Amino acid sequence: MGIRERLLELKSSLPEQVTLVAVSKTKPVADLMQAYDCGQRVFGENKVQEMAEKYHQMPKDIQWHMIGHLQRNKVKYMAEFVDLIHGVDRLKLLTEINRQAKKHNRTINCLLQIKIATEDTKFGLKKEDAIALLESEVFQDLQHIHISGVMGMASFTNDSDQIKTEFENLKTTFDILKKIHPGMKIISMGMSGDYQLAISCGSTMIRVGSHIFGARHYT
């Protein structure tokens, strides 16, 4: 089964309210164009430089999502075109995104990354820190960002009960934060191995790579 067949099969199985982000990191433009020709318009990359290169080579009706951990000094390279930044885990990063978005006279959509996994290697805000961020005076002054929702990554485990609990925790956190910031609509959780479970727990956006493009090739 090729990219086209896998993508169409996946899309046909998704509820209407769920947005599919095709995770295209390490994949060549030719592979992305196969997905594009099937109607896919939302692509996720985890390296800014790779995303910028693909942006310049591909059609301009694509929504580019930055899904990897983001360093502040890299924001300027994508501020002109990025549609959604998934992994915002600190106020200083949000301030820099706002500063760069202002230079291009645009508003950049962002998701607050919430730490739901047990591993220390996973990034994210605690629920209390996310609340404090949204209620801070600094945040109120940021006119060129829009907090569209939350993102979370479950633990790397085969224990589906643990993953389900972590997804449910993210949904609960979203509900709490939405009362403070009613503009939130997106819950980005679920990847190739667990997106169906994520959807059943309330996900509105899934990040799927290998299930569409096959195994990744790292150089």
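Our subject is the structure that appears above.
Residues numbered from 1 in each chain as written. Predicted model: local features only at pLDDT ≥ 70, side-chain atom pairs only at ≥ 80, totals over all residues. Heavy atoms only, no water.

Q: What should I look at first to understand the overall build of the protein in this one?
A: Assigned secondary structure in the protein consists of 9 helices and 8 strands. A compact globule built from 219 residues should have a C-alpha radius of gyration of about 17 Å, and the protein, at 17 Å, falls within 12% of that. Buried positions account for 50% of the 219 residues belonging to the protein. Summarising the internal contacts of the protein: among those between residues at least 6 apart in sequence, 60% fall at separations of at least 24. About 10,900 Å² of surface is accessible on the protein, with carbon and sulfur atoms providing 49% of the total. Separation between the mean location of the 29 positive side-chain charges and that of the 26 negative ones in the protein comes to 4 Å. (Helix = DSSP H or I, 4+ residues; strand = E, 2+ residues; numbered from the N terminus. Rg over C-alpha atoms; globule rule 2.2 N^0.38 Å. Buried < 20%, exposed > 50% of the residue type's maximum accessible area, 1.4 Å probe, protein only. Contact = heavy atoms within 4.5 Å. Areas by Shrake-Rupley, 256 points an atom, 1.4 Å probe, with all protein chains shown as cover. Lys, Arg positive; Asp, Glu negative; His and termini not counted. Charge placed at Lys NZ, Arg CZ, Asp CG, Glu CD.)

Q: So what exactly am I meant to see when it comes to the pattern of salt bridges here?
A: A side chain of one charge can pair with a side chain of the opposite charge if their charged atoms are brought near each other. Applying the stated criterion across every chain yields a total of 7 salt bridges. Its salt-bridge partner being D61, residue R41 comes within 3.0 Å of it at the nearest N-O pair. One end of the pair, R41, is in the loop between helix 2 (29-37) and strand 2 (42-45); the other, D61, is in the loop between helix 3 (48-57) and strand 3 (63-66), and 20 residues separate them in sequence. According to the relative accessible area criterion, R41 is partly exposed, its value standing at 29%. The residue R99 makes a salt bridge to E96 at a minimum N-O spacing of 3.0 Å. With R99 and E96 both in helix 4 (residues 91-103) and 3 residues apart, the pair spans about one turn of that helix. Take R99: its relative accessible area is 46%, and that puts it in the partly exposed class. Assessed through its relative accessible area of 14%, E96 is described here as buried. What you see here is one network of salt bridges that share partners, running through E45, E50 and K54. (Salt bridge = Lys/Arg side-chain N within 4 Å of Asp/Glu carboxyl O.)

Q: For this particular structure, what's the right way to read the pairing of strand 5 (residues 108-113)?
A: Within a regular strand, the side chains alternate between the two sheet faces. Buried residues dominate strand 5, accounting for 5 of its 6 residues. Two elements, strand 4 (residues 84-88) and strand 5, share 3 bridges in a ladder whose sense is parallel. Bridge pairing in strand 5 links L84 to N109. On the question of chirality, the crossover connecting strand 4 to the parallel strand 5 by way of helix 4 is right-handed. (Pairing = 2+ DSSP bridges. Right-handed = clockwise from strand over helix to strand, strands pointing away.)

Q: Just to check I follow, could you spell out the environment of N98 for this structure?
A: Within the element layout of this structure, N98 appears in helix 4. Residue contacts for N98: discarding those within four places in its chain leaves L142, Q143, H144 and I145. A polar contact of 2.6 Å, which involves the side chain of N98, links it to the backbone nitrogen of H144. (Polar contact = N/O pair within 3.5 Å; in protein donor to acceptor, adjacent residues only side chain to side chain.)

Q: Would you take a moment to explain the nonpolar core for this structure?
A: Nonpolar side chains in soluble globular proteins generally cluster together in the buried interior. Residues I85, I97 and L112 are the most contacted members of the largest nonpolar core, which totals 63 residues. With 5 residues, helix 7 (residues 160-180) is the single largest residue contributor to this core. Setting aside anything within four residues of it in sequence, one finds I85 in contact with M66, L70, M78, I97, I108, N109, C110 and L111. In terms of nonpolar packing, the next biggest core, distinct from the first, is built from 7 residues, V21, V42, L84 and I186 among them. (Core = buried A, V, L, I, M, F, W, Y, C linked by side-chain atoms within 4.5 Å.)

Q: Can you help me understand the pairing of strand 1 (residues 19-23) in this one?
A: Here strand 1 lies mainly inside the structure; 4 of its 5 residues are buried. Bridge count between strand 1 and strand 8 (residues 205-208): 4 bridges; the pairing is parallel. Looking at the pairing, L20 lines up with I206 of strand 8. In the sheet, strand 1 pairs with strand 2 via 2 bridges, with the strands oriented parallel. Considered in strand 2, the bridge of V23 is made with G44. Traced from strand 1 through helix 2 to strand 2, the parallel crossover comes out right-handed.

Purely geometric numbers; function is a separate question.
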